[in-house]
Amino acid sequence: MTSDERLTYLPIAMVAVGIIFIAGIYPLMIIWPSGWTWHTGHSDYPMMIVGVYATLGVFLIMGARDPMANLSLIWFTVWSSFVHAAIMAIQALEPGHHGHLIGDVPALIVVAIVLAALTPRGAAAHPVG
């Protein structure tokens, strides 16, 4: 895929991820708690995660207007998603949490891979002109 093609699809991916982060995480916690929620009973944790990811989603959507001006936001999303997924993957090895290995863990890895694959690097990230 050429740099121009990546730049065509990157804003689309940013908006899609943003919408999922804003509107998709909470419903997934309700519909599939064993793959998306880490606590049973009352916990303040789920709303904190929803709030953080919804905020990131808003900024991804805003950043999609000019991805090249928002490379640090994109790379933050990539690396924080990888780190979050790695930590959760280790925690999901504990009894009662295996559902996360087919839920939120791979979802974050997919987000990171898609955004990383579409984001220009090197000279393509710093066009002359």
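Trainee: Help me understand the overall build of the protein chain, please; the structure alone is not making it clear to me.
Mentor: Assigned secondary structure in the protein chain consists of 6 helices and 0 strands. Secondary structure elements of the protein chain, listed N to C terminal, follow the sequence α-α-α-α-α-α. Counting all 129 residues of the protein chain, 39% fall into the buried class. Of the contacts formed within the protein chain by residues at least 6 apart in sequence, a portion of 75% connects residues at least 24 apart. As displayed, the protein chain has an accessible area near 7,400 Å², and 72% of this comes from carbon and sulfur atoms.

Trainee: Just checking my understanding: could you explain the packing of aromatic side chains for this structure?
Mentor: Each aromatic ring pair is described using two quantities: the centre-to-centre distance and the angle formed by the ring planes. Under the definition given, this model contains 2 aromatic pairs. Centre to centre, the rings of Phe-21 and Tyr-53 are 4.9 Å apart; their planes meet at 75°, and the pair counts as edge-to-face. Linking Phe-21 in helix 1 (residues 3-23) with Tyr-53 in helix 4 (residues 45-63), this pair joins segments that are 32 residues apart in sequence. Its relative accessible area of 3% is what places Phe-21 among the buried residues.

Trainee: Help me out: how do you make sense of the nonpolar core in this one?
Mentor: In globular proteins that are soluble, nonpolar side chains generally tend to be buried together. Of all hydrophobic cores here, the largest spans 29 residues; its most connected members are Met-14, Phe-21, Tyr-53, Leu-60, Ile-74 and Leu-115. Element by element, the count of residues in this core is highest for helix 6 (residues 104-118), at 7 residues.

Trainee: Any chance you could explain helix 4 here in plain terms?
Mentor: Because an α-helix packs 3.6 residues into every turn, residues spaced three or four apart end up facing the same way. Relative to the 27 Å expected for 19 residues at 1.5 Å per residue, helix 4 spans 27 Å between its end C-alpha atoms, a close match to the ideal helical length. Among the residues of helix 4, Pro-46, Ile-49, Val-50, Tyr-53, Ala-54, Leu-56, Gly-57, Leu-60 and Gly-63 are the ones counted as buried. Tucked into the core, helix 4 has its buried residues touching helix 1, helix 2 (25-31), helix 5 (71-91) and helix 6.

Trainee: Looking at this structure, I do not really get the environment of Ala-64. What am I missing?
Mentor: Tracing the chain through its elements places Ala-64 in the loop between helix 4 and helix 5. Relative accessible area serves as the criterion here: at 10%, Ala-64 is assigned to the buried category. The spacing of Ala-64 and Ala-13 is 51 residues in sequence and 8.5 Å in space, taken between C-alpha atoms. When sequence neighbours within four positions are dropped, the list of residues in contact with Ala-64 reads Pro-11, Met-14 and Val-15.

Trainee: It is not clear to me how the layout of surface pockets should be interpreted in this structure. Could you clarify?
Mentor: If you roll a probe as big as a water molecule over the atoms, it shows you where there is empty space left. Here the largest pocket is characterised by a volume of approximately 300 Å³. Along the wall of the largest pocket there are 21 residues; nearest its centre are Phe-21, Ile-25, Trp-36, Ala-107 and Leu-108. Counting only elements with at least two residues in the lining of the largest pocket, the list comes to helix 1, helix 2, helix 4, helix 5 and helix 6. Per-element tally for the lining of the largest pocket: the top contributor is helix 6, with 6 residues. Counted by class, the lining of the largest pocket contains 19 nonpolar, 1 polar and 1 charged residues.

Trainee: What should I look at first to understand helix 1 in this one?
Mentor: The end-to-end C-alpha distance of helix 1 is 30 Å, a good match for the 30 Å that 21 residues give at a rise of 1.5 Å each. Here helix 1 has its buried residues at Arg-6, Leu-10, Pro-11, Ala-13, Met-14, Val-17, Gly-18 and Phe-21. Elements that come into contact with the buried residues of helix 1 comprise helix 2, helix 4, helix 5 and helix 6.

Here is what the cut-offs are and how they apply
Residues numbered from 1 in each chain as written. Predicted model: local features only at pLDDT ≥ 70, side-chain atom pairs only at ≥ 80, totals over all residues. Heavy atoms only, no water. Helix = DSSP H or I, 4+ residues; strand = E, 2+ residues; numbered from the N terminus. Buried < 20%, exposed > 50% of the residue type's maximum accessible area, 1.4 Å probe, protein only. Contact = heavy atoms within 4.5 Å. Areas by Shrake-Rupley, 256 points an atom, 1.4 Å probe, with all protein chains shown as cover. Phe/Tyr/Trp six-rings, centres within 6.5 Å; stacked < 30°, edge-to-face > 60°. Core = buried A, V, L, I, M, F, W, Y, C linked by side-chain atoms within 4.5 Å. Expected span 1.5 Å × (residues − 1). 1 Å grid on protein atoms, 1.4 Å probe; cavity = no way out; pocket = protein on both sides within 12 Å on 5 of 7 lines; lining within 4 Å. Points joined across faces, edges and corners; volume = space filled by probe spheres on them. Nonpolar A, V, L, I, M, F, W, Y, C, P; charged D, E, K, R; others polar.

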